[in-house]
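Structural description and commentary
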Amino acid sequence: MYKAALVLEGGAMRGQYTAGVLDTLMQDGAMFETVIGVSAGALCGVNYVSQQIGRTNDINVNYRHDSRYISARRALRRQDIINLDYLFAHHGSGWQDFDEDTYRNSPMNFVVVATAIESGQAVYFDRPVGPEMKNVLKASSSMPFLSAPKRTSQGLCLDGGIADSIPYAYAQLLGYDKIVVVRTRNREYRKSPTSPLLRRAYEHAFAAHPQFVVSAVGRPEMYNHQAQQLQKLEKMGRVFTVAPADPVNVGRIEGNTEKLAALHDLGVQDMKQNLHAMRIYLEN
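Here is a short report on the structure shown in this document. (Residues numbered from 1 in each chain as written. Predicted model: local features only at pLDDT ≥ 70, side-chain atom pairs only at ≥ 80, totals over all residues. Heavy atoms only, no water.)

Counting its regular elements, the protein contains eleven helices and eight strands. In summary, the protein has a C-alpha radius of gyration of 18 Å against a globular reference of 19 Å for 284 residues, a match within 12%. Each of the 284 residues in the protein was classed as buried or not, and the buried ones make up 55%. Relative to all contacts within the protein whose residues are 6 or more apart in sequence, the contacts with residues 24 or more apart total 75%. Total accessible area on the protein stands at roughly 12700 Å², and carbon and sulfur atoms take up 50% of it. When the 31 positive and 28 negative side-chain charges of the protein are each reduced to one mean point, those points stand 6 Å apart. (Helix = DSSP H or I, 4+ residues; strand = E, 2+ residues; numbered from the N terminus. Rg over C-alpha atoms; globule rule 2.2 N^0.38 Å. Buried < 20%, exposed > 50% of the residue type's maximum accessible area, 1.4 Å probe, protein only. Contact = heavy atoms within 4.5 Å. Areas by Shrake-Rupley, 256 points an atom, 1.4 Å probe, with all protein chains shown as cover. Lys, Arg positive; Asp, Glu negative; His and termini not counted. Charge placed at Lys NZ, Arg CZ, Asp CG, Glu CD.)

Below, the structure is given as structure tokens:
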């Protein structure tokens, strides 16, 4: 158990990279005092806290085309395209059920990040369990325009990445001076400014929540600032980052399962190569 924080960036199906990193950490026996996950990072993180090696990868690769999990037709019934209830349901033989007992008894604290629609600010859910855990994971992973906002104890929420894409600063706020960050983009990646068309779409869809519109439209600038600061902190030895070396060519709801499997394998390889350096950073 490291007295450190593990921060997991979102990125929808790019989370396969994170899944590979976490599978390697589990095989190594490495645990962190606090795990902070955003969107896909939270969905990977919950399986890390429950110590279920391979679960994220197995579901995303072998069940990607199961219409009960992901289907555009769900939108026609005013349902989320990605059915996160599927991840926590029992599906019989061959399916690895979520191990809630191990999750509840884990010595690791788990924090899920979402964005409150009313304020447009990030909200943080500390060690959620039971129905609340499932609900805040849905909130953190609900992409605007593709998913409906989820009602939580902190109001209606959507994708945590809108207000806090890479929550290393929250880990610092909690008092951690040792922080490991798992990215789903290469270090040099920067977002383009929000297009006028997307801006108008936000203004129309969320007219009743102007602060959320400000955060959503300004997300590229926030993200780029975080990415730049992380590179500075990494050079100063204040954070340890694991990230793909090259741009990731995997879509948000990627359907090519060979690409998904390859991205998971890349995460495994990268973490294996970084294990020794990470230990030195954490133990120094």
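After that view of the structure, there is still more to cover.
Across the interface, helix α9 (residues 210–217) lies against helix α10 (residues 219–235) with an axial gap of 4 Å and an inter-helix angle of 50°. The angle between α9 and α10 places the two elements in the oblique class. Two secondary-structure elements touch here, α9 through S215, A216 and V217 and α10 through R219, P220 and E221. Its residues assigned to classes, the contact of α9 with α10 comprises three nonpolar, one polar and two charged. (Axes fitted to C-alpha atoms, helices over the stretch in contact; angles between N-to-C directions. Parallel < 35°, antiparallel > 145°, perpendicular 65-115°, else oblique. Nonpolar A, V, L, I, M, F, W, Y, C, P; charged D, E, K, R; others polar.)

The next thing to look at is the packing of aromatic side chains. Scanning the model with the defined rule gives 15 aromatic pairs in all. Geometrically, the ring pair formed by Y86 and W95 is edge-to-face, given 5.2 Å between the ring centres and 75° between the ring planes. The pair Y86 / W95 is uniform in exposure class, with both members buried. It is K191 that lies over the ring of Y223; its NZ or CZ is 4.9 Å from the centre. (Phe/Tyr/Trp six-rings, centres within 6.5 Å; stacked < 30°, edge-to-face > 60°. Lys NZ or Arg CZ within 6 Å of the ring centre and 35° of its normal.)

Ranked by size, the top nonpolar core spans 59 residues in total, and within it L6, L25, F32, Y48, F110, L137 and M278 carry the most contacts. Broken down by element, the residue count for this core peaks at seven residues, all from helix α11 (residues 257–283). If near-sequence neighbours (up to four positions away) are discounted, F32 is found in contact with M1, Y2, A4, A5, L6, L25, Y48, M108, V180, M278 and L282. In terms of nonpolar packing, the next biggest core, distinct from the first, is built from 18 residues, Y176, Y223, L233 and V239 among them. (Core = buried A, V, L, I, M, F, W, Y, C linked by side-chain atoms within 4.5 Å.)

Before going further, it helps to spend a moment on the pattern of salt bridges. This structure, assessed with the given rule, holds nine salt bridges. Here R279 ties to D28 by a salt bridge, and the two come within 2.6 Å at their closest N and O atoms. Of this pair, R279 sits in helix α11 while D28 is found in helix α1 (residues 15–28), placing the two residues 251 residues apart along the sequence. Look at R279 and you get partly exposed, because its relative accessible area is 27%. (Salt bridge = Lys/Arg side-chain N within 4 Å of Asp/Glu carboxyl O.)

Right, let's get into unusual backbone geometry. The backbone phi angle of A12 is positive, close to 55°, even though this residue is not glycine. Topologically, A12 is positioned in the loop between β1 (2–8) and α1. For Q51, which is not glycine, the phi torsion reads 55° and is therefore positive. Mapping Q51 onto the fold places it in the loop between α2 (40–49) and α3 (55–62). The class for Q51 is partly exposed, based on a relative accessible area of 31%.

Further remarks concern α10. Between its first and last C-alpha, α10 extends 24 Å over 17 residues, near the 24 Å set by a 1.5 Å rise per residue. For α10, the set of buried residues is R219, P220, M222, Y223, N224, Q226, A227, L230 and L233. Of the surrounding elements, those touching the buried residues of α10 are β6 (155–159), α7 (168–173), β7 (179–182) and α9. Of the residues one or two after α10, G237 is the one with positive phi, at around 75°. (Expected span 1.5 Å × (residues − 1).)

What α9 keeps buried is the set F212, V213, S215, A216 and V217. Taken together, the buried residues of α9 touch β3 (109–116), β6, α8 (196–205) and α10.

Another aspect to go through is the environment of L22. With respect to the helices and strands, L22 occurs in helix α1. For L22, a relative accessible area of 2% puts it in the buried group. Distance from L22 to E100, taken between C-alpha atoms, is 18 Å for residues 78 residues apart in sequence. Once residues lying within four places of it in the same chain are set aside, the contact partners of L22 are L6, L8, C44, G45 and Y48.

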